[in-house]
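Spelled out, the chains give:
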Amino acid sequence: MQFHAQVEDFSGASGVGSSFSSRPESSAQKLTHKNTKGFESELVSLFFHVSSCQERAPPFSEPCSPELPIVERRNWLIHQHYIRKDYETCKVIIKNQLQETNGMCEYAIYVQALILRLEGRIQESLELLQSCAILNPSSTDNLKQVARSLFLLGKHKAAIEVYHEAARLCDKDWEISHNLGVCFFFIKDFKNAEEHLNTALQINKHDKTFMMLGKVHLVAGETDKAIEVFKRAVEFSPENTEHLSTLGLLYLQLRKYQKAFEHLGNALTFDPNNYKAILAAGSMMQTHGDFDVAMNKYRVAACAVPESPPLWNNIGMCFFGKKKYVAAISCLKRANYLSPFDWKVLYNLGLVHLTMQQYASAFHFLSAAISLNPRMGELYMLLAVALTNLEDVENSTRAYEQAVNLDESNPLVNLNFAIFLYNHGDKTAALDQYQEMQRKVNILQDSSSNLEFDPELMDMAQKLGAALQVGESLQWTKPGKDSKSKPHSATLAKSPSAPLGTNQALGQAMSSAASYNKNIQLPAGTVASRQSLRN
Amino acid sequence: MTSMESGGDGGKWLDAHYDPVAGLYTFSSCVDLADLSGDGENRLVVGDLGTGSSGMKLKVYRGTALMSENTLLDLPAGLVAFFMDLHEPRIPTTAVASGPCIYLYKNLRPYFKFTLPSLEVNTLEQDVWQQAREGQIDPLTLKEMLESIRKKADVPLSVRSLRFLSLETDGLDEFVQLHKQQPIRRQTVITCIDTLKKSTADEDGVSCLVVGTESSDVFILDSKAFIILSKMSLPAPPTMMDVTGQFDVEFRITVACRNGNIYILRRESDKPKYCVELPSHPVGLVRVGKNVLVGCTDESLQGFTQKGKKLWKIVLPAPITTMAPMDLPTRGFQGVLVGLANCEVHLYRDKNLLSTIKTPDVVTSICFGRYGREDGTLIMTTKGGGLMVKILKRTVVFDDRDSAPGPPLAQSIRLNVPKKTKLYVDQTLRERESGVAMHRAFQMDLSRVRLAAAKAYVKALESSLTPMSASLSEPLKMNAVVQGLGPSFKLTLHVQNTAACRPVMNLAISFLYDENLYRIRDPYMRIPLLVPGLIYPVGTFVDCTNDKGITDIIKVFVLHEGRSSPLLTAHINMPVSEGLALS
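Residues numbered from 1 in each chain as written. Chains lettered and ligands numbered in written order. Predicted model: local features only at pLDDT ≥ 70, side-chain atom pairs only at ≥ 80, totals over all residues. Heavy atoms only, no water.

## Focus: the overall build of chain B
So, step 1. Regarding its fold elements, chain B presents five helices and 37 strands.
So, step 2. Expected size for 583 residues packed as a compact globule is a radius of gyration near 25 Å; at 42 Å, chain B overshoots this value by more than 25%.
So, step 3. Considered along the principal axes of its C-alpha atoms, chain B spans approximately 115 × 90 × 50 Å.
So, step 4. Put simply, chain B has 583 residues, and 52% of those count as buried. (Helix = DSSP H or I, 4+ residues; strand = E, 2+ residues; numbered from the N terminus. Rg over C-alpha atoms; globule rule 2.2 N^0.38 Å. Buried < 20%, exposed > 50% of the residue type's maximum accessible area, 1.4 Å probe, protein only.)

## Overview of the pattern of salt bridges
So, step 1. Summed over the entire model, instances satisfying the criterion amount to 38 salt bridges over all chains.
So, step 2. Among the salt bridges present, the one from Asp 173 of chain A reaches Lys 144 of chain A, with a minimum N-O distance of 2.8 Å. You can see Asp 173 of chain A sitting in the loop between helix H8 (156-169) and helix H9 (174-186) and its partner Lys 144 of chain A sitting in helix H7 (residues 140-152), a full 29 residues away along the chain. Neither Asp 173 of chain A nor Lys 144 of chain A differs from the other in exposure class; each is buried.
So, step 3. The salt bridge partner of Asp 39 of chain B is Arg 43 of chain B, with a shortest N-O separation of 3.2 Å.
So, step 4. One connected set of salt bridges, linked through shared partners, spans Glu 88, Lys 91, Glu 119, Arg 121 and Glu 124 of chain A. (Salt bridge = Lys/Arg side-chain N within 4 Å of Asp/Glu carboxyl O.)

## Things to note about the interface of chain B and chain A
Accessible area lost when the parts come together is the quantity often used to give the size of an interface.
So, step 1. In this complex, chain B contributes 85 residues to the contact, which on the side of chain A involves 91 residues.
So, step 2. Across the chain B/chain A interface, buried area totals approximately 8000 Å², and carbon plus sulfur atoms make up 60% of it.
So, step 3. The interface formed by chain B and chain A includes four salt bridges.
So, step 4. Here Glu 391 of chain A makes a salt bridge to Arg 440 of chain B, at a shortest N to O gap of 3.9 Å. (Contact = heavy atoms within 4.5 Å. Buried area = accessible area lost by both parts, 1.4 Å probe.)

## Quick look at the UniProt feature "domain: Bardet-Biedl syndrome 1 N-terminal" (unreviewed entry) in chain B
So, step 1. UniProt records the feature "domain: Bardet-Biedl syndrome 1 N-terminal" (unreviewed entry) for residues 13-266 of chain B in the present numbering.
So, step 2. Within residues 13-266 of chain B, the helical portion is 16% and the strand portion 41%, while the C-alpha atoms at the span's ends are 38 Å from each other. (UniProt positions renumbered as here; feature names shortened; annotations may be inferred.)

## Quick notes on the sheet that holds strand S31 (residues 488-497) of chain B
Residue and element names in this part refer to chain B.
So, step 1. The antiparallel open sheet is built from five strands, whose spatial order is S29-S30-S31-S35-S33. Each edge of the open sheet carries a strand with a single partner, namely strand S29 (468-469) and strand S33 (518-520).
So, step 2. Where S31 lies against strand S35 (residues 535-544), nine bridges are found, and the strand directions are antiparallel. By the bridge assignment for S35, His 494 is matched with Pro 537. (Pairing = 2+ DSSP bridges.)

## A look at a negative patch on the surface
All names here are of chain B.
So, step 1. There is a patch of like negative charges on the surface, built from Asp 138, Glu 144, Asp 173 and Glu 174.
So, step 2. Position of Asp 173 among the secondary structure elements: in helix H4 (residues 172-179).
So, step 3. In this structure Asp 173 comes out as partly exposed when scored by relative accessible area, which is 43%. (Patch = residues over 30% accessible without salt bridge, like charges linked within 9 Å, V, L, I, M, F, W, Y side chains within 5 Å. Areas by Shrake-Rupley, 256 points an atom, 1.4 Å probe, with all protein chains shown as cover. Lys, Arg positive; Asp, Glu negative; His and termini not counted. Charge placed at Lys NZ, Arg CZ, Asp CG, Glu CD.)

## Structural notes on the packing of helix H17 (residues 309-321) of chain A against helix H18 (residues 325-338) of chain A
Residues and elements named next belong to chain A.
So, step 1. The N-to-C vectors of H17 and H18 enclose an angle of 165 degrees; their axes lie 8 Å apart at closest approach. With respect to H18, the element H17 is oriented roughly antiparallel. Our pair here, H17 against H18, has a crossing hand that is left-handed. The segment H17 lies against H18, with Pro 309, Trp 312, Asn 313, Ile 315, Gly 316, Met 317, Phe 319 and Phe 320 engaging Tyr 325, Ala 327, Ala 328, Cys 331, Leu 332, Arg 334, Ala 335 and Leu 338.
So, step 2. When grouped by side-chain class, the residues that make up the contact of H17 with H18 number 13 nonpolar, two polar and one charged. (Axes fitted to C-alpha atoms, helices over the stretch in contact; angles between N-to-C directions. Parallel < 35°, antiparallel > 145°, perpendicular 65-115°, else oblique. Left-handed = near helix turned anticlockwise from the far one by under 90°. Nonpolar A, V, L, I, M, F, W, Y, C, P; charged D, E, K, R; others polar.)

## Points about the side chain of Arg 186 of chain B
All names here are of chain B.
So, step 1. Mapped onto the secondary structure, Arg 186 falls in the loop between H4 and strand S10 (190-197).
So, step 2. One buried charge, Arg 186, has no salt-bridge partner; the nearest side chain with opposite charge is Glu 120, at 6.0 Å.
So, step 3. A polar contact is formed between the side chain of Arg 186 and the backbone oxygen of Glu 120, at a distance of 2.6 Å. (Polar contact = N/O pair within 3.5 Å; in protein donor to acceptor, adjacent residues only side chain to side chain.)

## Observations regarding helix H1 (residues 123-133) of chain B
The α-helix advances 3.6 residues per turn, and as a result positions three or four apart in sequence lie on the same side.
Residues and elements named next belong to chain B.
So, step 1. For H1, the full list of buried residues reads Glu 125, Val 128, Trp 129 and Ala 132. Buried residues along H1 cover an arc of 95 degrees about the axis, so they all sit on one side.
So, step 2. On the buried face of H1, the contacting elements are helix H2 (139-152), helix H3 (159-165) and H4.
So, step 3. By the N-cap criterion, in which a side-chain oxygen at the helix start approaches the backbone nitrogen of a residue two or three places on, H1 is capped by Asn 122, the distance to Leu 124 being 3.1 Å.
So, step 4. Gly 135, located one to two residues past H1, shows a positive phi value of around 75 degrees. (Arc of directions from axis to C-beta.)

## Quick notes on helix H25 (residues 455-468) of chain A
Residues and elements named next belong to chain A.
So, step 1. When the terminal C-alpha atoms of H25 are compared, their 20 Å separation across 14 residues agrees well with the 20 Å that a helix rising 1.5 Å per residue should span.
So, step 2. Buried within H25 we find Leu 457, Met 458, Met 460, Ala 461, Gln 462, Leu 464, Gly 465, Ala 467 and Leu 468.
So, step 3. The positive-phi residue at the C-terminal boundary of H25 is Gln 469, with phi of around 60 degrees. (Expected span 1.5 Å × (residues − 1).)

## A short note on the confidence of the model for chain A
All names here are of chain A.
So, step 1. On average, residues of chain A carry a pLDDT of 74, and 74% of them reach 70 or more.
So, step 2. Ranking the elements of chain A by mean pLDDT puts helix H26 (residues 482-494) last, at 28, and helix H20 (residues 359-372) first, at 92.
So, step 3. Ignoring residues within four places in sequence, the model shows residues 1-63, a span with pLDDT below 50, making 85 contacts including any to other chains.
So, step 4. With pLDDT under 50 throughout, residues 475-535 is counted as low confidence; its partners more than four residues away or in other chains account for 142 contacts. (pLDDT = per-residue confidence, 0-100.)

## Observations regarding the nonpolar core
So, step 1. In terms of nonpolar packing, the biggest core is built from 103 residues, with Val 111 of chain A together with Leu 142, Phe 164 and Val 338 of chain B touching the most fellow members.
So, step 2. The element that contributes the greatest number of residues to this core is helix H5 (residues 106-118) of chain A, accounting for eight residues.
So, step 3. There are two domains that each give this core at least three residues, and those are domain 1 (28-115) and domain 2 (123-179) of chain B.
So, step 4. Once residues lying within four places of it in the same chain are set aside, the contact partners of Val 111 of chain A are Ile 78, Tyr 82, Cys 90 and Ile 94 of chain A.
So, step 5. The next biggest cluster of nonpolar side chains, apart from the first, holds 101 residues, and it includes Met 317, Phe 319, Ile 329 and Met 356 of chain A. (Core = buried A, V, L, I, M, F, W, Y, C linked by side-chain atoms within 4.5 Å. Domains from an automatic or database assignment.)

Given below as structure tokens:
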């Protein structure tokens, strides 16, 4: 397969200066080069003139036709500048090229359109791309960019149509399938989105596609499918921290703490500055009381994202766990300043102030939290505790009633109400609440095998049980773990007749952890550091 | 990590030469080092793009000085120095690719010019022009026919037809006359060039040229006879190439293409063997050992096997401007140099950063190799046109840092926890002592405020004191503007009917004011019919008759005929009169 190529040699050594001289046959043509404007330098055309005079005069029969410059001759240069993000130079070259070719250079227009789009002038870019489509109607690249511009303008349906058209010209293109999936996602057609993204993955695996498919499943509420997708993604590119941290967070959401921690840890190994992973891993450490380790991690995040409300919330709760209450309040107040409508921060502020016995302040934070999130029993319970300490029995009772109505699973709410009722002399109602608490405890024990209750909660419940004379009917732990609960009952046995404090209540602290990302809806990871409040 | 190497290169490199005004505009593909005179001393050959449209030059540097300059006819897309024959002394030839041609220079003199074969021309197009030449069709018909060919044809039109289509009607005839005698040609443009050893892997063995073209082809050219040994086609125009192996034995061409993919070509087939789809455009393509390293526009450096399997990816601190291999065979060192837009050049071995060089300007091209008689020389050109030469110290050891670095620096930075004052602590203690009283006082005051607000609101509603009328029949809005310094003020009231469609009629405006202080020209005005939505300005003049600087409130009432209570009321706080009334 040898091609015949056009070969010209030169007589360079004899020439004036250092330019190429052509063979006599072609010199006639070359002479006419000086007619073309600004293409070759003055020196060169002068030299051609000299050399051709030496050899032969141009044959007069041929009319002089200037050789037209090749339309694509600067395409490579445009591309080189474009990928180096040197858009200013790129625009100058494009302008020259379009002038030279009378606007017929498709690639120059194409890149111009891409640059305009980067500058945010999407409409103008779309117009240029349309003129590209006139020059070359069968270019898929062009159609893809038109669709992309339409997509950026929010015209998803139009974009889908153009992508379909592009897909007709070239099937098996990963990019088209992926973008179709994204478009369908935005018009909330999750079924089609899933289908196209899967097609894209079949053609070629890309991190972007995995991420998008996972997102589609999450928005459609199919967490298990999303986990499968991210598992595959992690298999495909094991060092992608985004996949790792997202998978970790999904496991966290499903309360598979071991797996969650594993993936978050991996994400942190590859990128120790990954904010998402730091926050999630930190909140898990907080759950286990590793406040110092969590703080170490948070320091890294605080450098990267110093104005993150969840971060300062978690730091605040770390200080709270370490019993540095003033620092805790400082951090929480900063979090509250950064995100004034986050009820979790307000909840924590209320809790810390309760601990600090600043009941009047606690009341304000808690009522603010309630007005932001009026459907949470624990908030009303804390408000009731604050009101009890502010000696407002009437409102406290109402708050407790609301708390009991709203809450479904937390025995603490009923216990606190029972204690409150008992302290105010309503033994029968207290007994009702106590039984309700027992019911909740039993349900909790049935649902999960290794649940451990806060010792303080058990202690208080047993004291109250004794006071109400219901006896030891309540099993706090499974029989196998009975040994653990014995010390508690032992301490209880010492003072069975001790009266309950005049105004005794239990408050449960809940620090909200890492609701770092609004796109992925995680429930508030409950980090329980329970706290009792005594007067 | 970087603090250890303060000053960037931390004593690993010697600054040999820096000329910030060398005026070089070039890319890594247009820079090479070669022993052009056969005296054992390597020269630097640079294809300078001049201004980008003119002044293109082939420049040769020796030491710190510019040795020679040759004018180039067109923009150089690539430049390689290679051995094209076995003649003694062994002097390499320089090949400069520009436009459709390769210009060969030997002994710094023009030697040979090779033009790529023309592309296939659309037969329909040829027929049409043939007819035009024979005068069978007029230029307008020609234009229409070409237009229809362009829409349908698989083979694109030639430059001539494209230019013809872009012309205005009055220039058509002239253009046809000028061009019709010439045969139609379609030429392509070289986008990248590299060399491939012919049959031996020796340093000074004869090489072939490998050329990538705008027409999405890759040609392998024999350097002796200049015939095309092999032609391979790609799905998109190539932008960068890396070639390894020998033509006669086995070779592998890794090509980055303009569609953002990387294709791997091998000896046996004229179609790509493997394909790597990148998430973004490749900026640099370098082979280190058996792996291919690709720098992408998304600020990442990725490693692939030679079969296109992804190995790793690292994120860089800035966009990549250029990449070049760093090969020190004497020490068995192979790495890659990456120029970044933040004025740094990073040296990587696999994915480990070994060294960072800070440069005074953004580097646009890098070339590492033997220059003069020094083996480890790094040559860089900058965006501003500077030329920089650095020499690697012979004592330098590049220690492979552990790929897992310790905890990030940020971990040791103290948290910025806001401090609390003594006052805050005191207040806390006070709240603990008398929290109940504070709460009660607060609740009491809160109730009072609510009560006061409610009372005021009811009063305003009852007596139409507001500047908004909420009544269903005449929903009105009014605001007032006072202009002037005094003693005369202009008072303009803007009245608007906020009803959806019903006009309001029979309205009037009157004022209530202290007659000792002010005099209003028209104390009673009738308002015309109010069309919904429009704002009607009603103006009058107020004279301040007092020179004591006392001000007062003027009350404006909008009244409905036949009703005693006003529809709405506005209170205007009059400004202090700055002048005296002339009475």
